[in-house]
Amino acid sequence: MAEMKRHTNIDRISNLPWDVLDTILVHIPLKEAVRTSILSSKWRYKWTGLSRFNIDDKCFPSYLSDKVLRWKVILKIIDQVQSNHGGPVEKFRLAAYCMPNHCDLDQWIWFLTDKGIKELILKEFDSIKRFKLPPEVFSCPQLSCLELYGCIIMLSPTFRGLNSLISLNLSHIYISSDTLESLIANCPVLERLTLINIDHSTVFKISNLNLKYLKIDSKFEDICLKNVPLLSTVDIRLRVKPRHSDQGKACNLVRVFGCLYSINKLILSSNFLEFLAYNDVPERLPAMLNHLLTLDLRDARLDSSKVVKVLLSILCSSPSLEELIISVSRFSFLDFQRAECLVDLYFNKLKVVKIRGLLSTNHECEFIKFILAHSPVLETITIVTYGGEIIPNSVLLQFEPASEHVKVISLRS
Amino acid sequence: MKFCTVKQYFDDENNNNVTNGIATTVIPLPNKHLKIKANNKEMEQYEQELLRNVMPQELTKLILAANYLNFKEALDFFCRTVANAIQNKSVDYVRKFFGLESDFEPGEEEKLCKEFAWSFEGVDED
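Note that the structure is predicted; figures quoted are calculated from it, not measured.

### Things to note about the overall build of chain B
Step number 1: Across its full length, chain B holds eight helices and zero strands.
Step number 2: When each of the 126 residues of chain B is scored for burial, the buried share is 37%.
Step number 3: When contacts within chain B are restricted to residue pairs at least 6 apart in sequence, those whose partners lie at least 24 apart make up 57%.
Step number 4: Summed over all atoms, the accessible surface of chain B reaches about 8000 Å², with 49% contributed by carbon and sulfur.

In structure tokens, the structure reads:
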């Protein structure tokens, strides 16, 4: 009798408060948490009460490569959880190579919406038959993070908004422009929005009083950023060549960015720059972008004078710019030297410049010369040339930099 | 703010949750934590050292102490330490670590192993 008492005294874990046990178990991979069911009879079903479930490829042994069989394993897990789970489920992440049965997935998601889910991440890679996300997801009061890949989204007529949603990431999603607009506008605490390869939306209408970070990498015909007073970082890549817009419409650059006074960081890529260039680009924006600190142009085709105008217009409107990064696919500053607005344009806060993709032609050197001469506090300028020769430092230093202590780094890729 | 319960604990004569020895380990933790919060590598080293010097029994008592004192950072830290200690270990190792006994019927354990066969790949040899 005394010996038995000694045995039960040694058990130092099973009677810890459940939320403490949960804190321990959520830090180990799910497949190991499942293994705890073999520890003792008390532990048989403890793992099913976890608050977070992360199902990814590491859950499966390497010999299990069949999509359908992998789903069978996942189904075993979610069946056991549904049968035994007591408390709330905070997070569910499915990012494994598998072939989900949509019926099972539907039921599991209803279960999660009942359990007050806060973070839902679904990356279903079977894009042949896209999964119709149950509209119940969009009435989860505590949902704070939603990340979806390859789903079809439709809102129910009773959709009122997601009051706790802070981060929304949609990738390879099928959603209409109106649904997307409604979803974004009705998430009062939304801070981060990422849209990648969105289908069936021709126009992105984004309006949200709390939004701080926006990333778009998709095809679209038009974009409208309205009522986004807190928007701080914008990263937009347009996946298709922009169509010629109607004459008589305002300049796209002004239309899209004219009112973004609080912007700190702007990342613009290739086709989107061409989109912004449509219709007469003014020398500078109607209102200064006083808070723009970083301008990053990617795959910029600077052999088009329209695109160069976009760059110059932004530069002329950004008195606080500290970092300028340009990665070029084609570069020819044709009308550059003749631009009058540049004579008095000084970058009084510019500290870092990085230019990639030059072929060390004369035009490019003119641009570098201009930057060096007009940036009195410049600290470093990094130039990467592709093919050809690097521009020797001796040449660059001949350009009479306005900043005494500028460090010139010339590299070849 | 974190230490309002500490005073209460010291005043409370009847506490079963925390012994004096444990308190001396937990209480200096906030300062240590603040000092090395920024440096992840240092934190890892501290973690490893803690594991070496502290027996599993101590670890669970530390967890209980941190829970009682409502000290979230310490609690998270100890829980993560335990999680790291049992990760990738065999069922027997984990049983020993926690002081658990298998109380299954003879065939039951094998049945469970079969049911969860997919979860057994990649376990450390003891």
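### Concerning the domain arrangement of chain B
Residues and elements named next belong to chain B.
Step number 1: The domain architecture assigned to chain B consists of domain 1 (1–87) and domain 2 (88–126).
Step number 2: In this assembly, six residues from domain 1 lie in contact with six residues from domain 2.
Step number 3: A combined buried area of about 590 Å² lies between domain 1 and domain 2, and 73% of that area is made up of carbon and sulfur atoms.
Step number 4: Along the contact surface separating domain 1 from domain 2 lie three residue pairs in polar contact (both at pLDDT 80 or more).
Step number 5: With three residues, helix α6 (residues 72–86) is the single largest residue contributor to the side of domain 1 that touches domain 2.
Step number 6: Split into classes, the residues belonging to the side of domain 1 that touches domain 2 amount to five nonpolar, one polar and no charged.

### Description of the interface of chain B and chain A
Step number 1: Contacts between the two partners involve 39 residues from chain B and, on the opposite side, 35 residues from chain A.
Step number 2: Buried area between chain B and chain A, summed over both chains or domains, comes out near 3300 Å², and the portion from carbon and sulfur atoms is 66%.
Step number 3: In this structure, Glu 115 of chain B and Arg 44 of chain A form a salt bridge, with 4.0 Å as the shortest nitrogen-oxygen distance.
Step number 4: In this structure, the connection of chain B to chain A is made through six residue pairs in polar contact (both at pLDDT 80 or more).
Step number 5: When residues of the side of chain B that touches chain A are traced back to their parent elements, those giving at least two are α5 (56–68), α6, α7 (91–98) and α8 (106–115) of chain B.
Step number 6: Residue composition of the side of chain B that touches chain A, by class: 21 nonpolar, eight polar and ten charged.

### What to know about the pattern of salt bridges
Step number 1: Applying the stated criterion across every chain, the model contains 22 salt bridges over all chains.
Step number 2: Residues Asp 92 of chain B and Arg 95 of chain B are paired through a salt bridge, measuring 3.3 Å at the closest nitrogen-oxygen approach. With Asp 92 of chain B and Arg 95 of chain B both in helix α7 and three residues apart, the pair spans about one turn of that helix.
Step number 3: Among the residues examined, Asp 92 of chain B registers a relative accessible area of 48% and is labelled partly exposed.
Step number 4: The structure contains a network of salt bridges with shared partners spanning Arg 52, Glu 90 and Lys 118 of chain A.

### Things to note about the layout of surface pockets
Step number 1: The space that makes up the largest pocket amounts to roughly 390 Å³.
Step number 2: In this structure, the largest pocket is lined by 20 residues; those nearest its centre are Asp 19, Asp 22 and Thr 23 of chain A together with Lys 72 and Asp 76 of chain B.
Step number 3: Secondary structure elements with two or more residues in the lining of the largest pocket: α2 (18–25) of chain A together with α5 and α6 of chain B.
Step number 4: Sort the elements by how many residues they give to the lining of the largest pocket and α2 of chain A lands first, with five residues.
Step number 5: Taken together, the residues of the lining of the largest pocket break down into seven nonpolar, seven polar and six charged.

Rules used in this analysis
- All chains use their own residue numbering, which begins from 1 and follows the written sequence.
- Each chain gets a letter, beginning with A, and each ligand a number, beginning with 1, in the order they are written.
- With pLDDT at 70 or above as the cut-off, local features in this predicted model cover only qualifying residues; side-chain atom pairs require 80 or more to be listed or tallied, and sums for whole chains, interfaces and linings still use all residues.
- No hydrogens and no water enter the side-chain calculation; it runs on all heavy atoms of the structure.
- Helix numbers and strand numbers start at the N terminus; a helix is a DSSP run of H or I with at least 4 residues, a strand a run of E with at least 2.
- With a 1.4 Å probe rolled over the protein chains alone, any residue whose accessible area is under 20% of its type maximum counts as buried; one over 50% counts as exposed, and the rest are partly exposed.
- Contact between two residues is taken to exist if any of their heavy atoms lie within 4.5 Å; hydrogens are not considered.
- Note on areas: Shrake-Rupley, 1.4 Å probe, and residue coverage restricted to the protein chains presented here.
- Domain segmentation is taken from an automatic or database assignment of domains.
- A 1.4 Å probe defines the accessible area here, and the buried area is the portion of it lost by two parts on being joined, summed over both.
- Here a polar contact means two N or O atoms within 3.5 Å. Within protein one must be a hydrogen donor candidate and the other an acceptor candidate, and residues neighboring in sequence count only if both atoms are side-chain atoms.
- Following the grouping adopted for this structure description, the nonpolar residues are Ala, Val, Leu, Ile, Met, Phe, Trp, Tyr, Cys and Pro, the charged ones are Asp, Glu, Lys and Arg, and the polar ones are all others, Gly among them.
- Any Lys or Arg side-chain nitrogen located within 4 Å of an Asp or Glu carboxyl oxygen qualifies as a salt bridge.
- Cavities and pockets were defined on a 1 Å grid built over protein atoms only: a cavity is a set of grid points that admits a 1.4 Å probe from which the probe cannot escape, a pocket is an open set flanked by protein on both sides within 12 Å along at least five of seven lines, and lining residues are those with an atom within 4 Å of any such point.
- Grid points are joined across faces, edges and corners, and a volume is the space filled by probe spheres set on the points.

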